[in-house]
Amino acid sequence: MKTQALVLDAVKAPFVLKDINLEDPQDDEVLVKIVASGLCHTDIAIQLGQFPSAFPSIAGHEGSGTVVSVGKAVTRVAAGDSVLLSFAYCQSCHYCKAGHPSGCDEWIGRNFGRVRNAAVGAKACATDGEGKDVLGSFFGQSAFARHALVSESSVVKVPSSSDLVMLSPLGCGLQTGAGAVFNILKPSTSSSIVVFGLGAVGSAAVFAAAALGVKTIIVVDLVETRLKFAKEHGATHAFKGADVELLQKIKEVTDGLGAEYAVEATGATRVLRTAWEAVRNYGTVCSVGTPGPGIAPPFEIHENLLATKTYVGVTEGDSNPPEFIPKLIKLYEEGKFPVDKIAKTFKVEEFEDALHAICWMGTPGQEGKNQACEEMVAKAVSLGYRHFDTASGYGNEAAVGRALRSSSVPRSELFVTSKLHGTGHGCVAEAFQKTFDALGLEYLDLWLCHWPQAIDPVTKKFLGPEESPTMAETWKEMEKVQGRFSGKVKAIGVSNFSIKTLEALLLTAEIVPAVNQVETHPYLPVEELLQFCTEKGIHMTAYSPLGQYDSPILKDPAVLSIAEKYNKTPAQVLLSWAVQRGNMSVVPKSANPVRLAQNLETFPLTPDEFATLSNLHKTEGKFKSLCVYGGPGAGMSEKGKVNGWTYEELGWDERAWNFAMLAAPFSIPIYFFWRGWMVALGVAMYIVGFSSATIYRITTVNTNKIFGNFNAVQRGQDGMSRAPASA
């Protein structure tokens, strides 16, 4: 049958709504007309290459809808039934028969391997308009479509009166959080539990504990609005995750012993360590989030022998969906599982808007106002930060602008950078006006071309170097914007440009870019690019100077040795190295108030220490990118391409980026509906996501020359940058 689906053609490719031809159901499959689907960060992980996948393919694994037809061996549902969709399992192995299908022997193959059944394996279920095979069966369903072929094991029949939109995410994330409490921890009414991370999964754990009548329910998060929401829906105590007295406060409300149970819903190892310390002897910690493969728990066997604590991980809440999901629906109908309080809907045509809302965060009930982002920016201003970096692609310009307008700091003391998205290359003036209106500030200090690649705004495909608008044509339009809107934008620059792309740009440019913002750190020092930019009068800004996620550079022995010597953090060591290079400002991403304050404190490195860090990339295996760009190591279908361009076209050294994504960790689940989304703002996602409204101070000489009227940083006699007194 002909239908439509959001198709991923390759790693890092956009989700594109395409016409597809869906084959008839196999004997054990169900054809479902999809009403809604949650968007989980697992789906985004497939897009980013964090999980291996073949392409083209369809993601989506929290579907709901109505049965259209069934295969001849299907007995669980019939045409016309309302259904929610969950994970797939074999139904015949030891664990499935024992009522624990999330432990199925074939779980990986049936959910990530796209295996439909033993007869056809991972055979494609559809073709696109060009006749190319399109893979489905992601978690037995691939629900990012108007119709889906679904494994019978993934189907849960629900009453026809069920709200299929609001209940859609029960199939994965919400049953994970709730199941951790109902099925794994099983706390008594007189017990105590602490939940770390109040995203959708963590919130579901709170709802479950409240439904069980647990006496003491403690919640921990970084965002006040989420803590308040949890208190309104069952939590008895709420604490900020950055509170230095957090563990003491948890013990104070649990008879001085610590909680009996903990749910860790962020996937961050540092938070897991805190959860471990927060439970009493003989207590239990349950992980529902993961930092990715290869990461060991942050506690020792010896200390557990002394404390007799239990650590357990759980997939899908150890639930049996046909039994467990109806239980959650009943709680929802009784007002005890308020999914609707943390949900907002988007039409499928607004999928990109929903991605922006999810990837760059929002707050339940705030209608996309990104209140938590505002809180983070406001905190940074109070600590002394004066330079703020955002982008139209981050979807949070309005939140950044509101926070800055609400501060008492004069506009003249703030420096604000934003970036042109690839879809705006063909309408540069209009794109700038949208950014300007979203920020709501008197002017923008710096506007960057985010990437050299243009994106077709209709098909969402990346255009080649010679396709119009070329980067030279885009830059010419940016020059016109600076002239036309001279009072609104003070400088223009680029991001992710190499020597090759800069040389090509400078052939026709009338204005030399003020800034080139690129990834750089000791594993990727881009020394030749820094020298080139310095010679051309182009200031360099380093983004991801610490890497991304659980970065290996923060654990490098050389970095740790210097940090220990000076009693500094590894981040402070890396930031000090970066600013000491000269002609370099730095983007240390964080939303944690403690680290925000720490990152303002750089210190001078000795010549030997500086040289040690500068030479780290020469060690075998360390010359590499630490960011999410994709690449053949990530399962990219087009070998050696990033955002549609080859490494040669980008001017990138293939050795550094070729396998950059091999060890990229799994991100925290976030939820979206086929007609809407729900926010899951766990602690780790708050740190990663909100930090994309990046905050940093300018730490370079001659910034007046580059940045106009911004308060320049002066260089002291010791060679280190100094923040202005007002900062």
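**Things to note about the overall build of the protein**
Helices and strands together make up the secondary structure of the protein, namely 26 helices and 31 strands. Within the protein, buried positions represent 59% of all 727 residues. Pairs at least 24 residues apart make up 73% of the contacts formed inside the protein by residues separated by at least 6 positions. For the protein, the exposed area adds up to about 27,100 Å²; of that, 51% sits on carbon and sulfur atoms.

**Observations regarding the nonpolar core**
Counting residues in each nonpolar core, the largest one holds 72 residues, and the members touching the most others are Val 377, Leu 404 and Trp 447. With 49 residues, the next largest nonpolar core counts Val 156, Val 165, Ala 200 and Ile 329 among its residues.

**So, the packing of aromatic side chains**
For any pair of aromatic rings, the description consists of the separation of the ring centres together with the inter-plane angle of the planes. According to the stated counting rule, one finds 18 aromatic pairs in the structure shown. Here Phe 138 and Phe 139 contribute two aromatic rings whose centre-to-centre distance is 5.0 Å and whose plane-to-plane angle is 70°, an arrangement assigned as edge-to-face. Of the residues examined, Phe 138 reaches a relative accessible area of 0% and is grouped as buried. Note on Phe 432 and Trp 447: the rings are 5.1 Å apart at their centroids and 65° apart in plane angle, and the pair reads as edge-to-face. Linking Phe 432 in helix H15 (residues 428–439) with Trp 447 in strand E20 (residues 446–449), this pair joins segments that are 15 residues apart in sequence.

**Points about the sheet that holds strand E6 (residues 82–85)**
With antiparallel pairing, five strands are arranged side by side in an open sheet as E9-E3-E5-E6-E10. With partners counted over all chains shown, the strands left at the sheet margins are strand E9 (147–151) and strand E10 (155–158), one partner each. Adjacent strand axes in the sheet meet at a mean angle of 45° when their direction is disregarded. Across four bridges, E6 lies against E10 in antiparallel orientation. Paired with Leu 85 across the bridge in E10 is Val 155.

**Quick look at the packing of helix H19 (residues 557–566) against helix H22 (residues 607–614)**
The N-to-C vectors of H19 and H22 enclose an angle of 155°; their axes lie 10 Å apart at closest approach. Judged on the interaxial angle alone, H22 and H19 are roughly antiparallel. As H19 runs across H22, the sense of the crossing is left-handed. Taken together, the residues of H22 that come into contact with H19 (itself represented by Ala 558, Val 559, Ile 562, Lys 565 and Tyr 566) are Glu 609, Thr 612 and Leu 613. Of the residues belonging to the contact of H19 with H22, the class tally is five nonpolar, one polar and two charged.

**Overview of the environment of Thr 3**
Looking at where Thr 3 falls in the secondary structure, it is placed in strand E1 (residues 2–8). Residue Thr 3 is classed as buried on the basis of its relative accessible area, which comes to 8%. Placed 123 residues apart in sequence, Thr 3 and Ala 126 show a C-alpha to C-alpha distance of 9.8 Å. In terms of polar contacts, Thr 3 uses its side chain to reach the side chain of His 147, at 2.8 Å.

**Examining the sheet that holds strand E16 (residues 310–313)**
Across the sheet, which stays open at both edges, the six strands sit in the order E13-E12-E11-E14-E15-E16 with parallel pairing between neighbours. Of all the strands in the sheet, the pair left with one neighbour each is strand E13 (237–240) and E16. Each strand axis lies, on average, 15° off the axis of its neighbour in the sheet, ignoring direction. Pairing geometry for strand E12 (residues 216–221) and E13, over four bridges, is parallel. Across the sheet, Ile 218 pairs through a bridge with His 237, a residue of E13. Running over the sheet, helix H9 (residues 269–278) touches strand E11 (192–196), strand E14 (259–264), strand E15 (279–287) and E16 and is turned about 150° from E15.

**Things to note about the pattern of salt bridges**
Working definition: two side chains of opposite charge can pair if their charged atoms are close together. Tallied over the entire structure, the rule returns 20 salt bridges. One salt bridge connects Arg 110 with Glu 106, and the closest N-O pair in it is separated by 2.8 Å. The partly exposed category is assigned to Glu 106, whose relative accessible area is 36%. With its nearest N and O atoms 2.8 Å apart, the salt bridge here joins Glu 277 to Arg 273. With Glu 277 and Arg 273 both in helix H9 and four residues apart, this pair spans about one turn of that helix.

**Looking at the packing of helix H14 (residues 397–406) against H15**
At a closest axis distance of 7 Å, the pairing of H14 and H15 adopts a crossing angle of 40°. It follows that H14 is oblique to H15 by the angle criterion. Note on element contacts: H15 touches H14 through Thr 435, Ala 438 and Leu 439, opposite Glu 397, Ala 398, Gly 401 and Arg 405. Grouping the amino acids of the contact of H14 with H15 by side-chain chemistry returns three nonpolar, two polar and two charged.

About the thresholds
- Residues numbered from 1 in each chain as written.
- Predicted model: local features only at pLDDT ≥ 70, side-chain atom pairs only at ≥ 80, totals over all residues.
- Heavy atoms only, no water.
- Helix = DSSP H or I, 4+ residues; strand = E, 2+ residues; numbered from the N terminus.
- Buried < 20%, exposed > 50% of the residue type's maximum accessible area, 1.4 Å probe, protein only.
- Contact = heavy atoms within 4.5 Å.
- Areas by Shrake-Rupley, 256 points an atom, 1.4 Å probe, with all protein chains shown as cover.
- Core = buried A, V, L, I, M, F, W, Y, C linked by side-chain atoms within 4.5 Å.
- Phe/Tyr/Trp six-rings, centres within 6.5 Å; stacked < 30°, edge-to-face > 60°.
- Pairing = 2+ DSSP bridges.
- Axes fitted to C-alpha atoms, helices over the stretch in contact; angles between N-to-C directions.
- Parallel < 35°, antiparallel > 145°, perpendicular 65-115°, else oblique.
- Left-handed = near helix turned anticlockwise from the far one by under 90°.
- Nonpolar A, V, L, I, M, F, W, Y, C, P; charged D, E, K, R; others polar.
- Polar contact = N/O pair within 3.5 Å; in protein donor to acceptor, adjacent residues only side chain to side chain.
- Salt bridge = Lys/Arg side-chain N within 4 Å of Asp/Glu carboxyl O.

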